[in-house]
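The chain contents come next:
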Amino acid sequence: MAISLLKRLVRSLAVLLVVTFATFCLMFGNGPGIARAVLGMNARDADVQRKVVTLGLDQPLLVQYGKWLGSLFHGDLGASFFTGQSVTDALSTRVPVTLALVLITLALTVVLSVLFGVTAAVKGGWVDRVLQFLSVLGTAVPAFIIAIALVFTLAVAWRALPATGYVSPDISLSGWVKSLTLPVLALLVGSVAGAAAQFRTAVLDTLGRDFVRTLRARGISERHIIFRHVLRNSAGPGLTVLSLTTFGLLGGAVFIEQVFALPGMGQLANQAAQTNDVPMVMGTVLVTTVIVLIVNFLGDLTATLLNPKARTR
Amino acid sequence: MTAGPAAEATLTQPPARRRVIVQLLRNPQGALCLAFLLLVVVVAATSPWLAPTGPTTTQLSASNAPPFTGGHLLGGDSAGRDILSRLMWGSRQTVMACLIILGVSVVVGVASGLVAGFYRGRFETAAGFASDVVMALPGIVLLIALYALTGPNIPVAMTVFGLLIAPTYYRLVRNVVLGVRNELYVDAARVAGLADLRIVGRHVLWAVRAPVIIQSSFVLAAGIGIEAGVSFLGLGDPATASWGTVLQNSFDGIYNNRWGVLWPALAISLTILALILLGNALSDVLQSSARSRTLTPRARRAALAAAQQEDAGRRSAPAGSPDDIVLSVRALRIAYPSADGEIREVVHGVDLDVRRGEIHGLVGESGSGKSQIAFATLGILPREALILGGSVLLDGEDLLADESKMRAARGRRIAYVPQEPMSNLDPSFTIGKQLSYGLRAVTSLDAGEAREQLVGLLDRVGIKDPERVMELYPHEISGGMAQRVLICGAVASGADLIVADEPTTALDVTVQAEVLELLRELSRDRGLAMILVTHNLGVVADLCSTVSVMKEGHIVERADVETIFEAPQQAYTQELLSSSRSVELMEI
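Treat the numbers as computed from the prediction; the structure is a model and nothing was measured.

Colleague: Lay out the overall build of chain B with the relevant residues and their values.
Modeller: Per the secondary structure count, chain B includes 22 helices and 10 strands. Buried positions account for 51% of the 588 residues belonging to chain B. For chain B, the proportion of contacts with a sequence separation of at least 24, taken over those separated by at least 6, is 70%. A total accessible area of about 26000 Å² is found for chain B, and carbon and sulfur atoms account for 58% of it.

Colleague: Help me get a handle on the overall build of chain A, residues and values and all.
Modeller: Of regular secondary structure, chain A possesses 13 helices and zero strands. Reading the secondary structure of chain A in the N-to-C direction produces α-α-α-α-α-α-α-α-α-α-α-α-α. Overall, the C-alpha framework of chain A stretches about 85 × 55 × 35 Å when taken along its three principal axes. Here chain A, with 313 residues, has 48% of them falling under the buried criterion. Sequence separation of at least 24 residues holds for 72% of the intrachain contacts in chain A that already meet a minimum separation of 6. Working note: accessible area of chain A is about 14200 Å², and carbon and sulfur atoms make up 67% of it. Considering chain A, the positive charge centre built from 24 side chains and the negative charge centre built from 13 side chains are found 13 Å apart.

Colleague: Any chance you could break down the pattern of salt bridges for me, citing the residues and the numbers?
Modeller: Two side chains carrying opposite charge are able to pair once their charged atoms lie near each other. Residue and element names in this part refer to chain B. Counting across every chain of the model gives 25 salt bridges over all chains. Arg413 serves as the salt-bridge partner of Asp395, at 3.2 Å between the closest nitrogen and oxygen. A residue pair is termed long-range when its members are at least 10 positions apart, and Asp395 in the loop between strand 4 (386-394) and strand 5 (397-398) and Arg413 in the loop between helix 14 (403-409) and strand 6 (414-417) qualify at 18 residues. Judged by relative accessible area, Arg413 falls into the partly exposed class, the value being 26%.

Colleague: Now, about the domain arrangement of chain A: what can you tell me, with residues and values included?
Modeller: Residues and elements named next belong to chain A. Partitioning chain A into structural domains gives domain 1 (2-73) and domain 2 (95-311). Each of domain 1 and domain 2 has a C-alpha centre, and these two points are 33 Å apart. Every contact between the two is made by 16 residues of domain 1 and, on the other side, 13 residues of domain 2. Both sides together, the interface formed by domain 1 and domain 2 hides about 1400 Å², and carbon and sulfur atoms give 86% of it.

Colleague: Summarise the pairing of strand 8 (residues 529-534) of chain B; cite the residues concerned and give the values.
Modeller: Two faces make up the sheet, and in a regular strand the side chains alternate between them. All names here are of chain B. Burial within strand 8 is extensive, with six of its six residues counted as buried. Burial of strand 8 is two-sided: the residues Ala529, Ile531 and Val533 facing one way and the residues Met530, Leu532 and Thr534 facing the other way are all buried. Bridge analysis of strand 3 (residues 359-363) against strand 8 gives five bridges, and the strand direction is parallel. Its bridge partner lying in strand 8, Leu362 is registered against Val533. Where strand 7 (residues 497-501) lies against strand 8, five bridges are found, and the strand directions are parallel. Counterpart to Leu497 in the pairing with strand 8 is Ala529. At this point the chain moves from strand 7, through helix 19 (residues 509-526), to the parallel strand 8, and the crossover so formed is right-handed.

Colleague: I'd like a description of the packing of aromatic side chains, backed by residues and values.
Modeller: Under the criterion given, the structure shown has 10 aromatic pairs over all chains. Ring geometry for B:Phe375 versus B:Tyr416: centroids 6.1 Å apart, planes at 70°, classification edge-to-face. Here the residue B:Phe375 occupies a position in helix 13 (residues 370-378), and B:Tyr416 occupies one in strand 6, the gap between them amounting to 41 residues. For the pair B:Phe375 and B:Tyr416, a shared accessibility class is recorded, and that class is buried. Their ring planes at 80° and their centres at 5.7 Å tell us that B:Phe429 and B:Tyr437 sit as a pair that is edge-to-face. Residue class for B:Phe429 comes out buried when judged on its relative accessible area of 10%. Among the aromatic residues, ring-to-ring pairing joins A:Phe21, A:Phe24, A:Tyr65 and A:Trp68 into one connected group. One residue, A:Arg228, lies across the ring of B:Tyr437, its end atom 3.4 Å from the ring centre.

Colleague: How would you summarise the pairing of strand 7 of chain B if you had to cite specific residues and measurements?
Modeller: All names here are of chain B. The buried count for strand 7 comes to five of five residues, which makes it a mostly enclosed element. A two-sided burial pattern is seen for strand 7, the buried positions comprising Leu497, Val499 and Asp501 on one face and Ile498 and Ala500 on the other. One ladder, built from four bridges, connects strand 6 with strand 7; its direction is parallel. Residue Ile414 lies in a different strand from strand 7, and its bridge partner there is Leu497.

Colleague: Outline the packing of helix 5 (residues 87-123) of chain A against helix 11 (residues 265-274) of chain A, supporting the account with residue identities and numerical values.
Modeller: Residues and elements named next belong to chain A. It is the contact of helix 5 with helix 11, at a shortest axis distance of 7 Å, that shows an interaxial angle of 130°. Overall, the two elements helix 5 and helix 11 adopt an arrangement that is oblique. Together, Ala90, Leu91, Arg94, Val95 and Thr98 of helix 5 and Met265, Gly266, Gln267, Leu268 and Gln271 of helix 11 make up the contact between the two elements. When the residues that make up the contact of helix 5 with helix 11 are grouped by side-chain class, the tally is five nonpolar, four polar and one charged.

Colleague: Account for the UniProt feature "transmembrane region" (unreviewed entry) in chain A, with residues named and values stated.
Modeller: Residue and element names in this part refer to chain A. Cross-referencing UniProt, the feature "transmembrane region" (unreviewed entry) maps to residues 99-122, 134-160, 180-199, 238-260 and 280-306 in the present numbering. Across residues 99-122, the secondary structure splits into 100% helix and 0% strand, with the terminal C-alpha atoms separated by 33 Å. End-to-end, the C-alpha atoms of residues 238-260 are 30 Å apart, and along that stretch the chain is 100% helix and 0% strand.

Colleague: Lay out the interface of chain B and chain A in plain terms, naming residues and giving numbers.
Modeller: Accessible area lost on assembly of the parts is the figure often given for the size of an interface. Listed as interface residues are 68 residues of chain B and, on the opposing side, 63 residues of chain A. Taken over both partners, the interface formed by chain B and chain A buries close to 5700 Å², and the fraction arising from carbon and sulfur atoms is 70%. Linking chain B with chain A are zero salt bridges. Between the two partners, chain B and chain A, sit 12 residue pairs in polar contact (both at pLDDT 80 or more). Along the lines of polarity and charge, the residues of the side of chain B that touches chain A split into 45 nonpolar, 16 polar and seven charged.

Colleague: Can you break down the sheet that holds strand 10 (residues 554-560) of chain B residue by residue, with the values?
Modeller: All names here are of chain B. Taken in spatial order, the six strands make up an open sheet running 6-7-8-3-9-10, and their pairing is mixed. In this open sheet, the two strands that pair with only one neighbour each are strand 6 and strand 10. Shown here is a sheet whose adjacent strand axes are inclined to one another by a mean of 20°, direction ignored.

Colleague: Describe the UniProt feature "transmembrane region" (unreviewed entry) in chain B, naming the residues involved and giving the relevant values.
Modeller: All names here are of chain B. Under the feature "transmembrane region" (unreviewed entry), the UniProt entry names residues 31-51, 94-119, 126-148, 154-172, 212-235 and 261-283. From the first C-alpha to the last, residues 94-119 spans 37 Å; its make-up is 100% helix and 0% strand. With 100% helix and 0% strand, residues 154-172 has end C-alpha atoms that lie 27 Å from one another.

Colleague: Give me the nonpolar core: which residues, what numbers.
Modeller: The biggest cluster of nonpolar side chains holds 144 residues, and the ones touching the most others in it are A:Val259, A:Phe260 and B:Leu247. In terms of nonpolar packing, the next biggest core, distinct from the first, is built from 53 residues, B:Ile359, B:Leu439, B:Leu516 and B:Leu543 among them.

Colleague: Which residues make up the side chain of B:Asp501, and what values do they have?
Modeller: If you trace the backbone, B:Asp501 turns up in strand 7. A:Arg213 is the oppositely charged side chain nearest to the buried, salt-bridge-free B:Asp501, at an N-O distance of 5.6 Å. At a separation of 3.2 Å, a polar atom in the side chain of B:Asp501 contacts the side chain of B:Ser371.

Colleague: A description of helix 5 of chain A should follow, citing residues and the corresponding values.
Modeller: All names here are of chain A. Taking 1.5 Å per residue as the helical rise, helix 5 with its 37 residues ought to reach 54 Å, and the 51 Å between its terminal C-alpha atoms agrees with that figure. At Arg94, helix 5 shows its largest bend, some 30°, and a proline, Pro96, comes one to four positions later. At the exit of helix 5 stands Gly124, carrying a positive phi of roughly 65°.

Colleague: Hey, could you go over the sheet that holds strand 1 (residues 325-337) of chain B for me, with residue numbers and the actual values?
Modeller: Whether parallel or antiparallel, the strands of a sheet pair through hydrogen bonds between backbone atoms. All names here are of chain B. With antiparallel pairing, the four strands of this open sheet are ordered in space as 2-1-4-5. Edge strands, defined here as strands with exactly one partner in the open sheet, are strand 2 (343-355) and strand 5. Bridging between strand 1 and strand 2 involves 10 bridges; their strand directions are antiparallel. Following the sheet pairing, Ile325 is matched in strand 2 by Arg355. The strands that helix 13 touches are strand 1, strand 2 and strand 4; relative to strand 1, the one it contacts most, it runs at about 115°.

Cut-offs applied
Residue positions within a chain follow its written sequence, with the count starting from 1. Key to labels: chains lettered from A, ligands numbered from 1, both in the order written. For a predicted model such as this one, the threshold for reporting local features is a pLDDT of at least 70, and the threshold for listing and counting side-chain atom pairs is 80 or more; totals across whole chains, interfaces and linings nevertheless cover every residue. Based on all heavy atoms of the structure, the side-chain values leave hydrogens and waters out of the count. Helix and strand assignments come from DSSP, with helices taken as H or I runs of at least 4 residues and strands as E runs of at least 2, each series counted from the N terminus. Burial status follows relative accessibility: with a 1.4 Å probe on protein chains alone, a residue under 20% of its type maximum counts as buried, one over 50% as exposed, and anything between as partly exposed. Two residues form a contact once any of their heavy atoms are found within 4.5 Å. For every accessible area listed, the method is Shrake-Rupley and the probe measures 1.4 Å; residues are considered covered only by the protein chains on display. By the counting rule applied here, Lys and Arg register as positive and Asp and Glu as negative, while His and the ends of each chain are not counted. A charged residue contributes its charge at one atom only: NZ of Lys, CZ of Arg, CG of Asp or CD of Glu. We define a salt bridge as a side-chain nitrogen of Lys or Arg found within 4 Å of a carboxyl oxygen belonging to Asp or Glu. Segmentation into domains, and thus their bounds, comes from an automatic or database assignment. Accessible area, probed at 1.4 Å, shrinks when two parts are joined; the buried area is that loss added up over both. Note: two strands are recorded as paired if DSSP finds a minimum of 2 bridges between them. With its strands directed away from the observer, a crossover is right-handed exactly when the path from the first strand over the helix to the second travels clockwise. When the centres of two rings from Phe, Tyr and Trp lie within 6.5 Å, Trp using its six-membered ring, the rings pair. Their planes under 30 degrees apart give stacked, over 60 give edge-to-face, and anything left gives tilted. Only Lys NZ and Arg CZ are tested; either one counts as a charge over a ring when it is within 6 Å of the ring centre and within 35 degrees of the ring normal. In this description, a line fitted to the C-alpha atoms serves as the axis of each element, helices being fitted only across the stretch in contact, and the angle between N-to-C directions of two axes falls anywhere from 0 to 180 degrees. Working definition: roughly parallel below 35 degrees, roughly antiparallel above 145 degrees, roughly perpendicular at 65 to 115 degrees, and oblique for all remaining angles. Put simply, Ala, Val, Leu, Ile, Met, Phe, Trp, Tyr, Cys and Pro go in the nonpolar bin, Asp, Glu, Lys and Arg in the charged bin, and everything else, Gly too, in the polar bin. UniProt positions are given in the numbering used here, feature names are shortened, and annotations may be inferred rather than shown by experiment. Between N or O atoms, a polar contact is any pair within 3.5 Å; within protein, one atom must be a potential hydrogen donor and the other a potential acceptor, and residues adjacent in sequence are included only when both atoms are from side chains. Note on terminology: a nonpolar core comprises buried Ala, Val, Leu, Ile, Met, Phe, Trp, Tyr and Cys residues joined through side-chain atoms within 4.5 Å. To estimate the expected span of a helix, count its residues, drop one, and scale the result by 1.5 Å. The reported bend at a residue is simply the angle between two axes, fitted to the 7 residues ending at it and to the 7 residues beginning with it.

This is the structure we're talking about:
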């Protein structure tokens, strides 16, 4: 088991290197272009040339990438081309906002989608039909449209909650909760709808397996069959659903941060990309990839721990 | 054998496959979605002529105009542009994005999936790794990063999105091809000397087309969301209208014209909804397998009422005297709803009596309904099954009439030995745990007592070192041991009647003999009655005292075992006997 986990870890690191190198080449491949973007379109060629050298963009890509990796180990991701702010500093204030948004939504998604998914699968009949219908509706409307609808009804029309902006928990905990309520709600609709539908399928698959019939035939109550046996055996596919949900939430957060003006990582990436601030963009790509890989790894680890076949090998 | 009703339904499938499009149009959901999507495409194609104004035409009268005013049906945005016109022009970008995404992802994903599945080898390994890497990419962040490189360029962004989503096709197609590849017809084609490419073209492409079409509709739904989202973030070309940019502009001006956001939001959501529903409808039409569906409660009641009416005229043999008869099945009718909404009866009014200590063989071909009877006596039929009528009397009490009586009897008085030992143990719990859960559900034993009793019983059913086996997981024991464990689980609670569904079919021949011997001993020692469902007449001759022969949901002959083997009355029984003899000869 330890060996297979170690293999996965090595594989994750390889993926990280491939992704960052590919992004790095794309981003830094056009040195003069970057320098011109930094200096403005009317900059003279000589100035552009000088800027290329000061930014270190004249060196071979591999060398640049090596330097970037090297300073990465010292926790240094370079500085913004424009404000000169250190990328790690910028990320350290941005990442917690996005993580809070994603993790709170994820926790609520787990509770609600398991509840709805299991109910739909076990109850069947009209409960199942209604939940399935709502699930299609929920997946059809993109998170940013739900966000706009929430802003429109709750914030603009009723003025019940703050429409946009972010309050740090250090300043006011209740303000923080309020500022995150609508964003979490907006992300939650789609993720619960998607995850519940997949949990439903997973539970139905397990319910259709032979051993469930045999357990029933032994006189075990339906409640015990569902909560002890079916849920336990649906956990594996359920974990896959959850890691996919997390990726979906990370992507959705980018739009949600835009709608609610939350100072998260997605907003940073968007601003940096629109201003051609390459080190900043690189930093956000790195952090997102690392988060995705960690989630994948944790998912694999939990799946291994849950599966007696993998665990006892 | 739940295959029973399914197999029957397959036979009654319409012989000629109707054209998919015709079926889709007959499905109201599919027709509606197709019509809506067609409308979007037509608007996109004709917007230069149809749209009231150009995409960037500004008029003072339209500035923040509310809907339905001054010739601006959906109102205007803060820059004075007509929202309806911009949405009509924007649909061009939506359709273009769809074409690019579909083109790139289908070509890359399907081609690599075909090659990987068909030739395997190194290409498959490489493609697998590439697909894993791409799936691990933070898609939307990459699309944003791309902006820094290309500027506002939706076609490039959509090409990249197509590449990012291509692995979903790759995985789908590769898996389908791997399945098809091993099937006989591809082998036969290869032997016939057809070139590889033509094999791929003719057989494999045919097999992957349905899943690819269904998948495409979900991919497009995701693609439209991404295209709108990217434009909404402001990464689109401000000079071209798109639904996402209209949404963004209207959102920026939400305090001046609150209705402006409604129209682009509706356009985006409804199109995505139409694609998802179309995908669901397509998978209903293209993959409408023989799988039966659960009926709505109303259809269920109607079917039961109709069956009761039919039954009113029929007479069934009176139930046997309760003294020596443990189980008495009367006029039992079981049916399944089929995919086309009809109700197919698989057991047509069956009577069956089992006496104390009797081992009653229930024989017949697969699909003859014998397993259905077994499940019905235990109340463990699948949810979609319909019991149209009849009774299951255990010591004179009707279990079908009273769900609580059935629950009380199940596991306590009637026990079940399944067919396939490995799949009938819960893989996530140790043998000891799952046996103990079952035993403690029907007795008042505490954990220690249950364990002690089970260890003794495991020893009795011939498992060596039962203490250790209690701690093992199902995947750590052999099939023969698993079947002994399941028999132990069935007899542990001291039931009067065991229903054994093909208990030896999945086992090796030597193990088969041992398990049959065990069943015989248990029946003798404990005075157990047993219903033995099997298609193997050798097993019947070995173990049973009486036999019922089933054919197409009827019991065609019933007699003691000597009579059946020496003087079978029915032509079908004779046929069954002679075919089983010829099988035995071949095996020798």
